[in-house]
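# Tertiary structure, described
This is what each chain is made of:
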Amino acid sequence: MTDKIYDGVGRRTVLAGAGVGFALASAKAVAAPTMPAAAPIDEGSSTGGHISFPPIHADTERPDGTPPNQDPPARRVGFAIVGLGRLALENILPAFAQCKHARPVALVSGDPEKLQTVAAQYGIAPSACYDYAGFDRIRDDAAIEAVYIVLPNALHHDAVVRAARAGKHVLCEKPMATSPAEARSMVEACAKAGKRLMIAYRCQYEINNRELSKRARAGEFGQIQLIDAINTQNQGDPAQWRQKKALAGGGSLPDVGLYCLNTTRALLGEEPTEVQATIYSPSGDPRFAEVESTVSFTLRFPSGAVANCASSYSAHEHRNLRVIGTKAVGEIENAFGYEGQKLHISKREGKAESDSALSFGQKNQFSLEIDHMAECVRSGARPRTPGEEGLQDQVIMAAIYESARTGRPVKLAAETQVDAFRGPMPADA
Ligand code: NDP
């Protein structure tokens, strides 16, 4: 047994040996062997409110992480969470525990009992709990600096506009809206209020997706020829809002197909010039009385890259992304999932074809995304995924639906600027 104690003048003394605790308690003198003082490498250092430790492994090993060095609670950006559904309760609220710059300070819900239960779980005062009718009162709550909208898609527009009018910055779940017109109005409302609007495209903050994009843009795969993006899941009960057009705006496309679209655009930094699409829903299936199941769409990019994307609400879960260039292939297994991403790179190595699996460890992508929003609120920087990024996806999704309806390709406005709708990339997490 080894105990560390501090003596009266704050100097660290280490006592070793069985029975030391008992000996101290009974004030009996014990001669203990003196241990070497802690080396700076083990103590770490504290500078400007940040604690750091030098690496302890050889540089042949993956670099060690660093302590999170989170801001003290009073300095973190306070968020109100609007809509206490599955995503809010299973992912977003728990993710705040790993945030460095953000904390939940208020809740908005239509269910008083749930509101009370969740508030108690997260230590949120009853006075910081709102229903939808009283939501505008957040204006008077100075602790709320940003609002995170986690409602069904068709309710995003109204909630974002109300939050902006209440003088709050807004983080809004994807899909941003149910039409380009709604999305435009949300961008305008936030601009008019002088508040930041960010769309919660978590994959753009996820480390494997970022790495693949970095390597693709640096030319590691050669000239990108093809991208293959699939995001599917098999829906259950047709009573849920996702199967109702008025609340969801569409079926698999705005829900899961959007990941294929947004990730592909973000990976290349280019905007598609043309889209062609096909939609299929199993007939007689009550889940698809109002919204579509399977959507297959092809995007053409100015560099010549072609992306084949597919989403489905009636196929088993599959969420892979593959980039095929002239020199190499990069692939992320479970690219659009909450966790479990695996990045593979295949290329020629001498006479062999090598297939390497790269491991960067896991980081909670919801925490990364929320912290990025908090940093933008503090610094005034434009988010990496602002409202304009969401608007562009709404424009392309409308073109996808048009192409499926008419059976023809649809041209999109040419855009030559790289990352035309994005803010600066956050520093490496
Ligand atoms: P849920 O159905 O689980 O929760 C939605 C919540 O919204 C409800 O629990 C309810 O909360 C509130 N609500 C208010 N009005 C209605 C209404 N008319 N019908 C249904 N719910 C209502 O949905 P999710 O949490 O799965 O999805 C919410 C949003 O998050 C969607 O935009 C979705 O696309 C997005 N999402 C994003 C994911 C991501 O990975 N980024 C993953 C999953 C979803 P209350 O009772 O508190 O009022």
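Here's a quick rundown of the structure.

## Considerations on the overall build of the chain
Along the chain, the regular secondary structure elements total 11 helices and 20 strands. Based on the C-alpha atoms only, the size of the chain along its principal axes is roughly 90 × 70 × 40 Å. A buried classification covers 46% of the 429 residues belonging to the chain. Sequence separation of at least 24 residues holds for 67% of the intrachain contacts in the chain that already meet a minimum separation of 6. Carbon and sulfur atoms provide 53% of the accessible area of the chain, an area that totals close to 21,100 Å². Across the chain, the centroid of the 47 positively charged side chains sits 2 Å from that of the 49 negatively charged ones.

## As for helix α10 (residues 365-379)
For α10, spanning 15 residues, the distance from its first C-alpha to its last is 21 Å, which sits close to the expected 21 Å at 1.5 Å a residue. Of the residues making up α10, those classed as buried are Gln365, Phe366, Ser367, Leu368, Glu369, Ile370, Asp371, His372, Met373, Ala374, Cys376 and Val377. In this structure, the buried side of α10 is in contact with β5 (77-82), α3 (86-95), β6 (102-108), β8 (146-149), β9 (169-172) and β10 (197-199). Backbone nitrogen of Phe366 and a side-chain oxygen of the N-cap are separated by 2.8 Å at the start of α10; the cap is Asn364. One or two steps after α10, the chain reaches Gly380, where phi turns positive at roughly 85°.

## Considerations on the sheet that holds β6
Pairing is parallel in the open sheet, where six strands are placed in the order β7-β6-β5-β8-β9-β10. In this open sheet, the two strands that pair with only one neighbour each are β7 (129-130) and β10.

## Considerations on the site of the ligand
Residues in close proximity to the ligand total 26 residues, the closest being Ser109, Tyr132, Asn153, Arg202 and Trp241. Separating an oxygen atom of the ligand from a side-chain N or O atom of Ser109 is a distance of 2.6 Å. Taking Arg242, its side chain carries an N or O atom lying 3.0 Å from an oxygen atom of the ligand. Protein chains bury 82% of the 900 Å² of accessible surface belonging to the ligand in isolation. Put simply, the ligand lies in the second largest pocket. Residue composition of the shell around the ligand, grouped by class: 13 nonpolar, six polar and seven charged. Mapped onto the domain boundaries, the shell around the ligand takes at least three residues apiece from domain 2 (76-200) and domain 3 (206-363 + 387-411).

## Here we look at the pairing of β5
β5 sits mainly inside the fold: six of its six residues count as buried. Going residue by residue along β5, you find Val77, Phe79 and Ile81 tucked away on one face and Gly78, Ala80 and Val82 tucked away on the opposite face as well. Across six bridges, the pairing between β5 and β6 is parallel. Bridge pairing links Ala80 to Ala106 in β6. Tracing the backbone out of β5, into α3 and back to the parallel element β6 gives a crossover that is right-handed.

## Points about the environment of Gln243
Counting through the fold element by element, Gln243 comes out in the loop between β11 (224-234) and α8 (245-248). Exposure remark for Gln243: the relative accessible area of 3% places this residue in the buried category. In this structure the C-alpha to C-alpha distance between Gln243 and Pro286, which are 43 residues apart in sequence, comes to 8.9 Å. Not counting chain neighbours up to four residues away, the residues in contact with Gln243 comprise Gln235, Asp237, Pro238, Arg287, Phe288, Glu290, Val291 and Tyr313.

## Some points on the side chain of Arg319
Take Arg319: it is sitting in the loop between β15 (314-318) and β16 (321-325). The exposure class assigned to Arg319 is buried, which follows from its relative accessible area of 11%. Of the polar contacts made by the side chain of Arg319, one reaches the side chain of Gln233; its length is 3.2 Å. In this structure Arg319 touches Ile230, Asn231, Thr232, Gln233, Val256, Ile332, Glu333, Asn334, Ala335, Phe336 and Gly337, once residues within four positions along its chain are discounted.

## Some remarks on the nonpolar core
A general tendency of soluble globular proteins is for nonpolar side chains to be buried together. Core analysis: the biggest nonpolar cluster contains 98 residues, and Phe79, Ile81, Leu197 and Phe297 have the highest contact counts within it. When residues in this core are grouped by element, the largest group, seven residues, is from helix α9 (residues 252-268). In contact with Phe79, other than residues within four places in its own chain, are Phe96, Ala102, Arg103, Pro104, Val105, Ala106, Ala146, Tyr148, Leu171, Ile370, Met373 and Ala374.

## Some thoughts on unusual backbone geometry
In this model, Lys174 is joined to Pro175 through a cis peptide bond whose omega is -15°. Of note, Pro175 is situated in the loop between β9 and α6 (180-193). Of note, the phi angle at Asn69 is positive, near 50°, even though the residue is not glycine. Tracing the backbone shows Asn69 in the loop between β4 (50-52) and β5. By relative accessible area, Asn69 is classed as buried at 17%. Even without being glycine, Asp419 reaches a positive phi, approximately 50°. Along the chain, Asp419 turns up in the segment after β20 (410-411).

## Observations concerning the layout of surface pockets
If you add up the space inside the second largest pocket, you get close to 860 Å³. Lining of the second largest pocket is provided by 36 residues; of these, Arg86, Leu87, Trp241, Arg242 and Tyr338 occupy positions nearest its centre. Taken together, the elements giving at least two residues each to the lining of the second largest pocket come down to α3, β11 and α9. Its residues placed into classes, the lining of the second largest pocket shows 15 nonpolar, 10 polar and 11 charged. Three or more residues apiece are contributed to the lining of the second largest pocket by two domains, here domain 2 (76-200) and domain 3 (206-363 + 387-411).

Conventions adopted
- Residues numbered from 1 in each chain as written.
- Predicted model: local features only at pLDDT ≥ 70, side-chain atom pairs only at ≥ 80, totals over all residues.
- Heavy atoms only, no water.
- Helix = DSSP H or I, 4+ residues; strand = E, 2+ residues; numbered from the N terminus.
- Buried < 20%, exposed > 50% of the residue type's maximum accessible area, 1.4 Å probe, protein only.
- Contact = heavy atoms within 4.5 Å.
- Areas by Shrake-Rupley, 256 points an atom, 1.4 Å probe, with all protein chains shown as cover.
- Lys, Arg positive; Asp, Glu negative; His and termini not counted.
- Charge placed at Lys NZ, Arg CZ, Asp CG, Glu CD.
- Expected span 1.5 Å × (residues − 1).
- Polar contact = N/O pair within 3.5 Å; in protein donor to acceptor, adjacent residues only side chain to side chain.
- Pairing = 2+ DSSP bridges.
- Near = heavy atom within 4 Å.
- 1 Å grid on protein atoms, 1.4 Å probe; cavity = no way out; pocket = protein on both sides within 12 Å on 5 of 7 lines; lining within 4 Å.
- Sits in = over half its atoms within 2 Å of the grid points.
- Nonpolar A, V, L, I, M, F, W, Y, C, P; charged D, E, K, R; others polar.
- Domains from an automatic or database assignment.
- Right-handed = clockwise from strand over helix to strand, strands pointing away.
- Core = buried A, V, L, I, M, F, W, Y, C linked by side-chain atoms within 4.5 Å.
- Points joined across faces, edges and corners; volume = space filled by probe spheres on them.

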